[in-house]
Amino acid sequence: VRRLPCCNANALSVAISKSHVAVGGADALCTIFDSTSLRPVASIGRLEWPVRVLQFSSDGQLLAAAGEDRVIDIADPETGDAVHRIAVPGAVAAVAWHPRESRLAYAVDEVDRNGRPDGRLRICEWKP
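Residues numbered from 1 in each chain as written. Predicted model: local features only at pLDDT ≥ 70, side-chain atom pairs only at ≥ 80, totals over all residues. Heavy atoms only, no water.

Participant: Looking at this structure, how should I read the sheet that holds strand β11 (residues 121–125)?
Facilitator: Picture the strands of a sheet paired through backbone hydrogen bonds; they go either parallel or antiparallel. Spatially, the 3 strands line up as an open sheet ordered β9-β10-β11, and their pairing is antiparallel. This sheet does not close on itself; its edge strands, each paired only once, are β9 (91–97) and β11. Recorded for the sheet is a direction-independent mean angle of 30 degrees between the axes of neighbouring strands. Relative to β11, strand β10 (residues 103–109) runs antiparallel, the two being bridged by 5 bridges. Paired with A105 across the bridge in β11 is I123. (Pairing = 2+ DSSP bridges. Helix = DSSP H or I, 4+ residues; strand = E, 2+ residues; numbered from the N terminus. Axes fitted to C-alpha atoms, helices over the stretch in contact; angles between N-to-C directions.)

The following block contains the structure:
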């Protein structure tokens, strides 16, 4: 077992692609490592709340990071640069990429006007 120096707080989420490992922490940071050398290559520091959800696209070219920020941050894992941001109505509970297209499905914790749970699966599609 190898420990990676990734966060200044507890690690809460992890995602693995063929070329990268991403770790999200309670300190709102996401650190991206090369999967072979396990050396850090980039970081994402645009979120303000703990990074609880991470997912690489099927081709490994994009990384979705989210938590309670009411936004999903889509980044280039080589640089950590922002590629796209998706505004959401609540904390993100899960994300999943389409296997061949630029589509991201996500589930959000939300309530209706009467305070009843109203979380629905949503799908975002865009042209890169």
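Participant: Honestly, the environment of G90 in this entry has me stumped. Any pointers?
Facilitator: Position of G90 among the secondary structure elements: in the loop between β8 (82–87) and β9. In this structure G90 comes out as buried when scored by relative accessible area, which is 2%. Considering only alpha carbons, one finds G90 and R100, 10 residues apart in sequence, at a separation of 27 Å. Among residues more than four places away in sequence, those in contact with G90 are R70, V108 and D109. (Buried < 20%, exposed > 50% of the residue type's maximum accessible area, 1.4 Å probe, protein only. Contact = heavy atoms within 4.5 Å.)

Participant: How do you make sense of the pattern of salt bridges when you look at a structure like this?
Facilitator: Between side chains of opposite charge, pairing is possible as soon as their charged atoms come close. Counted by the stated rule, this structure contains 5 salt bridges. For the salt bridge of D73 with R85, the shortest nitrogen-to-oxygen distance reads 3.1 Å. Of the two residues, D73 is situated in strand β7 (residues 71–75) and R85 in strand β8; the sequence distance between them amounts to 12 residues. Owing to a relative accessible area of 43%, R85 belongs among the partly exposed residues under this scheme. The shortest N-O distance in the salt bridge between E101 and R103 comes to 3.0 Å. Residue classification places R103 among the partly exposed residues on the basis of a relative accessible area of 30%. One continuous salt-bridge network, built from bridges that share partners, spans R46, D73 and R85. (Salt bridge = Lys/Arg side-chain N within 4 Å of Asp/Glu carboxyl O.)

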